[in-house]
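Observations on the three-dimensional arrangement
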Amino acid sequence: WDMKYRLKEADGTAVDQSVEDTWRRIARALAAVEDEPAQWEARFYSALEGFRYLPAGRITAGAGTGRAVTLFNCFVMGTIPDSLGGIFEALKEAALTMQQGGGIGYDFSTIRPRGAPVSGVAADASGPLSFMDVWDAMCRTIMSAGSRRGAMMATLRCDHPDIEAFIEAKKDPARLRMFNLSVLVTDAFMAAVKADGPWDLLFGGRVFRTVQARDLWARIMRNTYDFAEPGVIFIDRINALNNLAYCETIAATNPCGEQPLPPYGACLLGSVNLAALVSGAFTPGAALDLAALDDLVRVAVRMMDNTVDASRFPLPQQAEEARLKRRIGLGVTGLADALLMVGLRYGSAEAAAATEGWMHAIARAAYLASTDLAREKGAFPLFDADAYLASGSLVHMDEDVRAAIRTHGIRNALLTSVAPTGTISLYAGNVSSGIEPVFAYAYTRKVLQKDGSRTEEEVVDHAVQLWRQMHGDAPLPDHFVNAQTLPPLDHVRMQAAAQKWVDSSISKTINCPPDISFADFQQVYMAAWDQGCKGCTTYR
């Protein structure tokens, strides 16, 4: 809180004297756009109190400060033109966005491959990776002033002629350190992998080379096995299930992958802390309070919708995208702790069923809250009832929710997303982050200081602390598992269970033991594909 979120003067003098002051600052800033700000400030404050609703870091650090910063965490930048002038104009836009604190994603598939002719200058193109190096240097330069690591995502299509070089780029430990890399994997490619068929690498309608799909897939797997990158994004599935498929096409995500966004797309994030909503923890009657969850989600949706109007934007195109679609990304944190408290083993069929039920309750409350907001304040400007309700992710939504959307419209085009919530979950008492399992019951965390030095802090998981307060040094029950011991396919099961009720996507790292066989490792990605996930990221 003190390092990341507490409001201070330029000379370091604290303005926020307590965490309660920080909550008050956020509640007041987000209520300011209401007709009755005092009433909503009180409601918003009570949602923040006790770390029940956690706005993402940009909001917690920036709301109510008067600073020229964005309250949006995630941006995907404009389509990169295949011309030198256009490429460097895109670089400038990226720099301006990063300067205000946004993480960005880019699809580099629009840049012609290395060796392709450049007409008029009698030269060959240097290819997308050479330009990614320029972006990487820009990000390093801008981020050298702060303690927050610059975050960028680069994507490249699985049929781009430079895909093999992209897949292997991180073999060089000094290269592209500011980027996460993900391959945009199409349905056709996955079909070719399963059929062991040929795969054309092409650009601008010209086939440069043909490879075996399974060989290219094995290359992705081998590099991910050895270097934890690239990740995989199932891009056709993302577009098929997008509520806004009728008016946008997605080709990239934010740095952690939970927000697939169109060109100039922007999204703000926030998380409901499930661990704070369990009553009777570690007793036979332990349960998640579903009425409290419903109420909290409805208030959170209103706070996030207000953030769209309260935020600044680095670029006018981003402001326009946000205004036209009013996207928000409400997710969860503390899921694994909540499961522990109610006696369920993360990764089990029972835990997956509970997770799916909780995520369904959140989605339902969020959509109904947004239809209520549409009735009060108007639907998002690009709303088209028939096209919207025909989208892939809404076909299995509850009938009364669909009826409310048809009658009143909906204020926010997309509503749910699961972010990694790393720092905000620490700030909330070290609850388990996002939908991840408990990382470790206790561990030593190295904290980067402003002067570049690192300090060490012991961190104990929230649920473990609670168990020890109640039971002293009694051994932890059998259902306690953590990321160090969990089988990888249990991770996939949990991601797939949550994804059913998340209209955007999920940031999730599937931890694999260092000695996992390469064959078993490849099964993780196939399981993610077969079970309906929108992407997959592993770490061995």
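See the structure printed just above.
Residues numbered from 1 in each chain as written. Predicted model: local features only at pLDDT ≥ 70, side-chain atom pairs only at ≥ 80, totals over all residues. Heavy atoms only, no water.

All right, on to the environment of A192 then. Take A192: it is sitting in helix α7 (residues 187–195). For the pair formed by A192 and W217, sequence separation is 25 residues and the distance between their alpha carbons is 9.9 Å. With near-sequence residues (within four places) excluded, A192 lies in contact with G197, P198, W199 and A213. (Helix = DSSP H or I, 4+ residues; strand = E, 2+ residues; numbered from the N terminus. Contact = heavy atoms within 4.5 Å.)

In this section: the state of the cysteines. Simply put, the disulfide is a covalent bond whose two ends are the sulfur atoms of two cysteines. Counted according to the given criterion, the structure contains zero disulfides. Residue C267 stays outside any disulfide, its sulfur separated by 5.7 Å from that of C74, the closest cysteine. Among the residues examined, C267 registers a relative accessible area of 0% and is labelled buried. C536 provides the cysteine sulfur closest to C512, a residue in no disulfide bond, and the two sulfurs are 8.0 Å apart. (Disulfide = S-S within 2.5 Å. Buried < 20%, exposed > 50% of the residue type's maximum accessible area, 1.4 Å probe, protein only.)

Moving on: the pairing of strand β7 (residues 179–185). The side chains of a regular strand alternate between both faces of the sheet. With six of seven residues buried, β7 is to be regarded as a mostly interior element. Alignment of strand β6 (residues 152–157) against β7, held across six bridges, turns out to be parallel. The partner of M153 across the bridge, within β7, is N180. Pairing of β7 with strand β10 (residues 231–234) involves four bridges; the strand directions are parallel. If you follow V183 over to β10, its bridge partner there is V232. (Pairing = 2+ DSSP bridges.)

In the contact formed by helix α8 (residues 213–227) and helix α19 (residues 518–530), the axes pass within 10 Å of each other and the chain directions differ by 110 degrees. As judged from the angle between their axes, α8 and α19 are roughly perpendicular. Residue-level contacts link W217, A218, M221, R222, T224 and Y225 of α8 to F518, F521, Q522, Y525 and M526 of α19. (Axes fitted to C-alpha atoms, helices over the stretch in contact; angles between N-to-C directions. Parallel < 35°, antiparallel > 145°, perpendicular 65-115°, else oblique.)

Turning next to α8. Between its first and last C-alpha atoms α8 spans 21 Å; for 15 residues at 1.5 Å apiece the expected length is 21 Å, and the two agree. Within the sequence span of α8, burial applies to A213, L216, W217, I220, M221, N223, T224 and Y225. Within two residues after α8, A228 carries a phi angle of roughly 65 degrees, on the positive side. (Expected span 1.5 Å × (residues − 1).)

Let's shift gears to helix α4 (residues 84–99). Here α4 is 16 residues long and its end C-alpha atoms lie 23 Å apart, about the 22 Å a rise of 1.5 Å per residue gives. Those residues of α4 lying buried are G86, I87, A90, L91, E93, A94, A95, T97 and M98. Looking at the buried side of α4, the elements it contacts are β2 (74–76), β3 (103–107), α5 (128–143), β6 and α11 (316–325). Trailing α4 by a residue or two, G101 shows a phi angle of about 100 degrees, which is positive.

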